[in-house]
Amino acid sequence: MIEISDPQQMRAWSRAVRSSGQTVGFVATMGYLHEGHLHLIDRARERTDQVVASIFVNPIQFGPQDDLLRYPRDLEHDRAAALQRGADCLFVPDESVMYPSPPLVRVAPGSLADHLCGPRRPGHFEGVLTVVIKLLHIVEPDVAVFGRKDAQQAVIIGRMVADLNVPTEIDVAPTLREADGLAMSSRNVYLTEEERRAAPALARGLDAAHRAFQSGTRDPEALIAAVRQCLAAEPEIDTEYVELVDQRSLQPVTSVTADALLAAAVHLGSARLIDNIILGEGTAADIRLKG
Ligand code: PAF
């Protein structure tokens, strides 16, 4: 595995691969790689000949209240994990090369950030889109794989690529879950033992709504209430939002169909966790690690 930190060298590597007739796959990460990220690398491997994974903790997607300084980092572990999983190239740029000066021009998500995490994290998706478009311009991948756990992010990136004619296919991989249903996230390390025990209530709540939908419930408020009820059973959990939206426009739905996106964010101690399902699928469509 080659490691590159310079954007021009990264682009030259990728262009050399592509001019040899091979395809390039890409997984963008902020490091602290867990099984969920490695699964994205596997997926990129299946789809393309050479896989690039990037590690860059993007400061402009963190708000003043967010956890930039304490965001977990472990480059040694990430190198070993990416190598072991068969990534061909690790792109690890410094902040000074990604942002030689603060970016004045940024990509705006428009109405796609009006709901779910958007209003709770002002500027977050603008920061994500701005770094992702930079990474796509540097790596020039044929396919970029993002995780469905960050559903709003994946939808907004897909729309950016379509609206701005970026020649990269965005592939969205199912969420990887622990045996008890908790979606894998770098932020799970913040959970205390007691909070970790309570955390699967989020996935259980989403599944409760899925079951209610399967039994014929079509009232959005009733489906949202099914999630909230599970969350309320765990006193450690502070619910930020539970929303049911159209999976393309990300606007709230009034008439509920199987392909609506049911998403929630909760606070558990110092961790903020998000999760979602496509209503008609529940978490069964995701990948659960064996306990
Ligand atoms: O999902 C993430 O880890 C980040 O938002 C991303 C896509 C790597 C951009 O910094």
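Before reading on, note that the structure itself is shown above.
Thresholds applied
- Residues numbered from 1 in each chain as written.
- Predicted model: local features only at pLDDT ≥ 70, side-chain atom pairs only at ≥ 80, totals over all residues.
- Heavy atoms only, no water.
- Pairing = 2+ DSSP bridges.
- Helix = DSSP H or I, 4+ residues; strand = E, 2+ residues; numbered from the N terminus.
- Axes fitted to C-alpha atoms, helices over the stretch in contact; angles between N-to-C directions.
- Contact = heavy atoms within 4.5 Å.
- Near = heavy atom within 4 Å.
- Polar contact = N/O pair within 3.5 Å; in protein donor to acceptor, adjacent residues only side chain to side chain.
- Areas by Shrake-Rupley, 256 points an atom, 1.4 Å probe, with all protein chains shown as cover.
- Nonpolar A, V, L, I, M, F, W, Y, C, P; charged D, E, K, R; others polar.
- Core = buried A, V, L, I, M, F, W, Y, C linked by side-chain atoms within 4.5 Å.
- Buried < 20%, exposed > 50% of the residue type's maximum accessible area, 1.4 Å probe, protein only.
- Left-handed = near helix turned anticlockwise from the far one by under 90°.

1. Structural notes on the sheet that holds strand S5 (residues 143-147)
One open sheet holds the six strands; their spatial order is S1-S4-S3-S2-S5-S6, and the pairing between them is parallel. Edge strands, defined here as strands with exactly one partner in the open sheet, are strand S1 (2-4) and strand S6 (169-173). Ignoring which end each strand starts from, the neighbouring axes of this sheet average 25 degrees apart. Pairing between strand S3 (residues 50-55) and strand S4 (residues 89-91): three bridges, direction parallel. Looking at S4, one finds that Val52 is bridged to Cys89. Running over the sheet, helix H7 (residues 151-163) touches S5 and S6 and is turned about 165 degrees from S6.

2. A look at the site of the ligand
Every residue near the ligand is listed here: Ala28, Thr29, Met30, Asn58, Gln61, Val128, Val131, Phe146 and Gln153. Here Gln61 contributes a side-chain N or O atom positioned 2.6 Å from an oxygen atom of the ligand. Taking Gln153, its side chain carries an N or O atom lying 2.7 Å from an oxygen atom of the ligand. Isolated, the ligand exposes 290 Å² of accessible area, and the fraction of that covered by the protein chains is 89%. Among the residues forming the shell around the ligand, the class breakdown is five nonpolar, four polar and no charged.

3. Let's talk about the nonpolar core
In a soluble, globular protein the nonpolar side chains are often hidden away together inside. Of all hydrophobic cores here, the largest spans 45 residues; its most connected members are Met10, Val52, Val132 and Ile157. With 10 residues, the single largest contributor to this core is helix H6 (residues 124-139). With residues up to four places along the chain from it excluded, the contact list for Val132 reads Phe146, Ile157 and Met160. Leu191, Leu231, Ile237 and Val266 belong to the second-largest nonpolar core, a separate cluster that totals 34 residues.

4. A look at the packing of helix H9 (residues 201-214) against helix H10 (residues 220-232)
Where H9 contacts H10, the two axes come as close as 8 Å, and the packing angle between them is 150 degrees. Here H9 runs over H10; the crossing is right-handed. From H9, Ala201, Leu202, Arg204, Gly205, Leu206, Ala208, Ala209, Ala212 and Phe213 reach across to H10, where they touch Leu223, Ala226, Val227, Cys230 and Leu231. Looking at the contact of H9 with H10, its residues break down into 12 nonpolar, one polar and one charged.

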